[in-house]
Amino acid sequence: MKLQPGTDSTSSPAASSGQSAEHYLPLLSGGMRAELIGKRSVKVCGLGSFILRHYPARRRSGKGGMEYLPPGNRVVFEAGTVSRQVFTELMLSRLPIDRAEAGRLSDIFPAFFRSRLHENGEIVFPGFGRIVSENGQSRFEPDTALEDLLNSEYRNMGPIALSYSEPEKPSWKRLLFPAAAIVVLVLVTAGLLFLSGRRNPAPDTATTLQQAPVRHSPDREPSLPDNSLTKRAGTPAPETGVLLEKGEYTVVLATFLSKRTAEKELAGYTVPGTRVFIWPVTGRGKNYYRLAAGRFAGSGEALAWKDSTDFGRFKDIYIQQANRRVVLHGEEGL
């Protein structure tokens with residue numbers, strides 16, 4: 001075994017092992033970072049596993065109302081047992097050492113980690129982060145450089161203010177005029193039918209009445225009974241340029257500042273039978289890209305569909321009404 005700088009032949013084996021581990025610690029940190037980025041997890045003997053997890057965008061209440069926080073990647077530490085063989089293979093693949101040296105380091109590093117936590121209360125991995133021991137529990141604090149590297153795609157994305165407000169419920173005052181108009185229309189129609197009957201008496205045989213055909217817009221789904229809501233939501237929207245008509249509702253899954261990021265996230269959403277699309281909007285001089293699913297005549301239908309899917313467990317997903325017709329490449333009138 002080669003002596004490290006600052007040691008001599010009279011040093012104890014324990015001291016020599018600690019100095020050797022200290023010498024290789026920066027090299028091990030670089031290997032851990034490369035393994036985490038390449039395989040989204042890294043296992044270290046004597047500590048446990050470091051796992052890279054993606055967290056979707058979320059909503060929170062801000063001073064000016066609701067705002068949307070961008071997605072991000074975080075490193076989660078899970079303490080546990082890692083075999084010596086797994087740790088040896090990690091060092092062989094990520095560090096410029098041979099198998100004999102990797103095997104030796106896999107023996108001394110676990111003891112070095114225990115000693116460092118006991119004496120200093122922490123282990124610092126340069127450029128990766130640090131493990132802190134408090135009250136017998138270990139937690140991980142990632143290095144700022146590592147966090148910047150893992151979230152470089154979202155670096156320029158800040159909180160997005162939302163102008164969404166719950167749709168107002170109709171009051172009896174707003175319904176009074178339409179109701180009166182309907183009553184007048186019924187009375188006028190009845191009077192016309194009465195006069196027409198007097199001028200053209202009906203024949204002795206019963207008159208057969210035919211129901212007028214129901215018309216459907218080519219860009220909207222046909223109306224179905226209330227008990228078939230799941231079937232209606234599960235039918236994909238027609239592949240036309242119209243995504244939403246004015247007044248319709250949709251379920252917003254996420255909002256992004258970058259169209260490229262929205263398209264990347266869109267590829268990860270699969271909703272059988274329901275169209276997921278990108279809804280470009282403009283607000284406060286900026287372009288936003290909403291990732292939305294489905295089109296519904298009312299907010300209640302949209303909420304019922306959301307709650308019937310896995311999206312119902314995410315509190316940050318919300319219902320949005322279209323203030324104008326939404327076409328494939330934006331909103332008409334923008």
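Worth saying up front: this structure is predicted, and the values here are computed from it rather than measured.

J.: Before we go on, may I ask you to explain the overall build of the protein in this structure?
T.: A tally of helices and strands in the protein yields eight helices and 16 strands. Of the contacts formed within the protein by residues at least 6 apart in sequence, a portion of 62% connects residues at least 24 apart. When the accessible surface of the protein is summed, it comes to about 20900 Å², and 53% of that surface belongs to carbon and sulfur atoms.

J.: Would you take a moment to explain the side chain of Glu35 for this structure?
T.: Mapping Glu35 onto the fold places it in helix H1 (residues 13-39). Residue classification places Glu35 among the buried positions, given a relative accessible area of 11%. Each residue touching Glu35, except ones within four places of it in the same chain, is listed here: Arg40, Ser41, Val42, Leu90, Ser93 and Arg94.

J.: Help me understand the pairing of strand S6 (residues 122-125) in this model?
T.: Taking every second residue as pointing to the same face, the buried face of S6 carries Ile123 and Phe125, while none of Glu122 and Val124 on the other face is buried. Sheet topology places S6 next to strand S7 (residues 129-134); four bridges connect them, and they run antiparallel. Across the sheet, the residue bridging to Glu122 is Val132, located in S7. Here S6 hands over to S7 after three residues, with Gly127 in that stretch at a positive phi of 75°.

J.: In this structure, what is going on with the packing of helix H2 (residues 84-94) against helix H3 (residues 99-120)? I would like to understand it.
T.: Two measures define how a pair of helices packs: the angle their axes make with one another and the distance between the axes. Orientation of H2 relative to H3, taken along the N-to-C sense of each, is 130°, at an axis distance of 9 Å. Taken together, the axis directions place H2 and H3 in an arrangement best described as oblique. When you trace H2 past H3, the crossing you get is right-handed. Listed contacts from H3 to Arg84, Phe87, Thr88, Glu89, Met91 and Leu92 of H2 are Arg99, Ala102, Gly103, Leu105, Ser106, Asp107 and Phe109. The class makeup of the residues in the contact of H2 with H3 is six nonpolar, three polar and four charged.

J.: Whenever I open this one, unusual backbone geometry confuses me. Can you help?
T.: Trans peptide bonds make up most of the peptide bonds, and negative phi angles are found at most residues other than glycine. You will see that Arg40, though not glycine, has its phi angle at about 65°, which is positive. Assignment of secondary structure puts Arg40 in the loop between H1 and strand S1 (41-44). At Asn135, a position not held by glycine, the phi torsion is positive, near 55°. Considering the arrangement of structural elements, one finds Asn135 in the loop between S7 and strand S8 (137-142). Look at Asn135 and you get exposed, because its relative accessible area is 81%.

J.: What exactly am I supposed to notice about the confidence of the model for the protein here?
T.: Detail in the predicted coordinates should be disregarded across regions flagged by low pLDDT. Considering every residue of the protein, the mean pLDDT works out to 75; 67% of them sit at 70 or more. Across residues 164-168 the pLDDT falls below 50, and counting only partners more than four positions away or on other chains, this stretch makes seven contacts in the model.

J.: Quick question: what am I supposed to make of the sheet that holds strand S11 (residues 249-256) here?
T.: Adjacent strands of a sheet pair through backbone hydrogen bonds, lying either parallel or antiparallel. Strand order across the open sheet formed by four strands is S12-S13-S11-S14, with antiparallel pairing between neighbours. The open sheet has two free edges, formed respectively by strand S12 (276-283) and strand S14 (318-321), since each of these has just one partner strand. Taking the axes of each pair of neighbouring strands and ignoring which way they run, one obtains an average angle of 50° across the sheet. Pairing between S11 and S14: four bridges, direction antiparallel. For Tyr249, the partnering residue across the bridge sits in S14 and is Gln321. Sitting on the sheet, helix H8 (residues 299-307) is in contact with S11, strand S13 (286-296) and S14, with an inclination near 60° to S11.

J.: What is the right way to look at the sheet that holds S6 in this model?
T.: In spatial order, the strands read S6-S7-S8; together these three strands make up an open sheet with antiparallel pairing. The sheet is open, and its two edges are formed by S6 and S8, each paired on a single side. Shown here is a sheet whose adjacent strand axes are inclined to one another by a mean of 15°, direction ignored. Relative to S8, S7 runs antiparallel, the two being bridged by six bridges. Across the sheet, the residue bridging to Gly129 is Pro142, located in S8. Across the sheet, H3 is in contact with S6, S7 and S8; its angle to S6 comes to roughly 120°.

Scoring rules and cut-offs
- Residues numbered from 1 in each chain as written.
- Predicted model: local features only at pLDDT ≥ 70, side-chain atom pairs only at ≥ 80, totals over all residues.
- Heavy atoms only, no water.
- Helix = DSSP H or I, 4+ residues; strand = E, 2+ residues; numbered from the N terminus.
- Contact = heavy atoms within 4.5 Å.
- Areas by Shrake-Rupley, 256 points an atom, 1.4 Å probe, with all protein chains shown as cover.
- Buried < 20%, exposed > 50% of the residue type's maximum accessible area, 1.4 Å probe, protein only.
- Pairing = 2+ DSSP bridges.
- Axes fitted to C-alpha atoms, helices over the stretch in contact; angles between N-to-C directions.
- Parallel < 35°, antiparallel > 145°, perpendicular 65-115°, else oblique.
- Left-handed = near helix turned anticlockwise from the far one by under 90°.
- Nonpolar A, V, L, I, M, F, W, Y, C, P; charged D, E, K, R; others polar.
- pLDDT = per-residue confidence, 0-100.

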